[in-house]
Amino acid sequence: MDKGLIGGSTVLMLLSLLQEKDYYGYEIIKEIEQRSNRIFQFKEGTVYPVLHRMESQGLVKSYKDKAETGKERKYYKITTKGKTQLAKEQKQWNEFTVSVAKVLGGVGYACP
Amino acid sequence: MRVPDWEEYLKQVLSHVKFKYDHNSIYFELRDHMEDRYENFLKEGMEAEQAKKAALTCMGDADAIGEELNKAHSPFLGWVWRSIRTVFIILVILNILPFLSLITSGFISIFESYENKTDSSLVYSIDLDYKEKIYDTTLIIDKILYYEDNTLEVRYATWTNPFSNSIKWNSSIWIEAYDEQGEIHRGGGGWKSGSYYGRGQRSLRDIPSDTTKIVVYFGQNGEIPIDLTEGRVMANES
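Conventions and cut-offs
Residues numbered from 1 in each chain as written. Chains lettered and ligands numbered in written order. Predicted model: local features only at pLDDT ≥ 70, side-chain atom pairs only at ≥ 80, totals over all residues. Contact = placed C-beta atoms within 7 Å. Helix = DSSP H or I, 4+ residues; strand = E, 2+ residues; numbered from the N terminus. Nonpolar A, V, L, I, M, F, W, Y, C, P; charged D, E, K, R; others polar. Pairing = 2+ DSSP bridges. Core = buried A, V, L, I, M, F, W, Y, C linked by C-beta atoms within 7 Å. Buried ≥ 20, exposed ≤ 12 C-beta atoms within 10 Å, placed from the backbone. Axes fitted to C-alpha atoms, helices over the stretch in contact; angles between N-to-C directions. Parallel < 35°, antiparallel > 145°, perpendicular 65-115°, else oblique. Left-handed = near helix turned anticlockwise from the far one by under 90°.

Draft legend 1. Representation of the interface of chain B and chain A. Counting from both sides, the interface comprises 15 residues of chain B and, opposite them, 13 residues of chain A. Ranked by residues supplied to the side of chain B that touches chain A, first place goes to helix 2 (residues 23-43) of chain B with six residues. Across the side of chain B that touches chain A, the residue classes tally to six nonpolar, three polar and six charged.

Draft legend 2. Here's a closer look at the sheet that holds strand 1 (residues 23-24) of chain A. Residues and elements named next belong to chain A. The three strands are arranged 1-3-2 in an open sheet whose pairing can be described as antiparallel. Only two strands of the sheet have a single neighbouring strand rather than two, namely strand 1 and strand 2 (60-66). Pairing analysis gives two bridges linking strand 1 to strand 3 (residues 72-78), with the strands arranged antiparallel. Among the inter-strand pairings, Tyr 23 is bridged to a residue of strand 3, identified as Tyr 76.

Draft legend 3. Structural detail: the pairing of strand 3 of chain A. Residue and element names in this part refer to chain A. In this sheet, strand 3 lies alongside strand 2 in antiparallel orientation, the contact comprising seven bridges. The residue of strand 3 that forms the bridge with Lys 64 is Lys 74. The loop that links strand 2 with its antiparallel partner strand 3 comprises five residues; one of these, Gly 70, has a positive phi angle of about 90°.

Draft legend 4. Geometry of the nonpolar core. Within the largest apolar cluster, 35 residues are counted, with the highest numbers of intra-cluster contacts made by Leu 14 and Leu 51 of chain A. Among residues more than four places away in sequence, those in contact with Leu 51 of chain A are Leu 14, Gly 25, Val 60 and Tyr 76 of chain A. Ranked by size, the runner-up nonpolar core spans 19 residues in total, among them Leu 152, Tyr 156, Ile 173 and Leu 204 of chain B.

Draft legend 5. Looking closely at helix 1 (residues 10-20) of chain A. Turning to helix 1 of chain A, its buried residues are Thr 10, Val 11, Met 13, Leu 14, Leu 15 and Leu 18 of chain A. Buried residues in helix 1 of chain A make contact with strand 1, helix 2 (25-35), helix 3 (47-56), strand 2, strand 3 and helix 4 (80-105) of chain A.

Draft legend 6. Structural view of the sheet that holds strand 8 (residues 213-218) of chain B. Residues and elements named next belong to chain B. With antiparallel pairing, the four strands of this open sheet are ordered in space as 5-4-8-9. Edge strands, defined here as strands with exactly one partner in the open sheet, are strand 5 (182-184) and strand 9 (222-227). For this sheet the average axis-to-axis angle between neighbouring strands, irrespective of direction, equals 35°. With six bridges joining them, strand 4 (residues 173-179) and strand 8 adopt antiparallel strand pairing.

Draft legend 7. Layout of the packing of helix 1 (residues 4-14) of chain B against helix 4 (residues 62-72) of chain B. Residue and element names in this part refer to chain B. Running from amino to carboxyl end, helix 1 crosses helix 4 at an angle of 40°, the nearest separation of the two axes being 7 Å. Comparing their axes, helix 4 and helix 1 come out oblique. Two packed elements cross with a definite hand, and for helix 1 against helix 4 that hand is right-handed. Residues Tyr 9, Gln 12, Val 13 and Leu 14 of helix 1 pack against Ala 62, Asp 63, Ile 65, Gly 66 and Leu 69 of helix 4. Here the residues of the contact of helix 1 with helix 4 sort into six nonpolar, two polar and one charged.

Geometry only, nothing functional implied.
Here is the structure:
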């Protein structure tokens, strides 16, 4: 899965992560890698255009802070608008996956 | 940490981002990322040189990322934002300047730039320091001077509020002179600078020395009579 982060579910994944805590870019990459057992391996630089666009849309806000390593990093924080957007995208995503599962699972699964 | 290959890569990414004012923050964010990745590789036991290369490969295509970043950093919105800020600052400054000048009339003298008449010597002057606000424009009449060659001169300044939405009328003044018998029609000339804040000089030729009054006309309704018999400072006495 190399296309990865430009795809439609990227914003959903990023918002979902940022709802848990504030991250800087490199941490996000590491976190996604770990959680997806390295299935999502994308070019790391591609996360930044997405983050920057989310910031210009007001979904996240960035600020500078010292990381655990003692170095200053640019952190991203989810906004209220971002949380609303997350709820919306989560709902769409659930509907989508349930529908796919229903198709894959056959008639019996689809009509409980 | 500076790695030549990284620098080149970052330069290539930034070459696509048209809004230059965001270059700095993008540069550091991407470079910090590569540094973190590099250190991670070292921790995993990779050789330094190899780790530097690998960190670069992990980033992905510089052109693709640069183009995406350019879309995220819209130069149009960026410039609109910067322009609005600049205009706002200028307007704030413009609005503070006349405020100062009205409080301390000395402000005007700091930028004194009236032309002094050289072909004739002064007979008398009247320091007026007259201020009147006419709608959105403040007229300040500084001084009246009378010369031996019968020229009468008025020195003045105007300040117009830049926030007002009125039609900006011609903010120069017009003078008529009067003696006991009534109005004296005479030719004259003058100049006026500035549209928001500006000063000007206006003169009338062949004005008799016994002229008692002038009327300064300003804007549509401004009509300011000035008595020439009061407050005279004779030049040869001082």
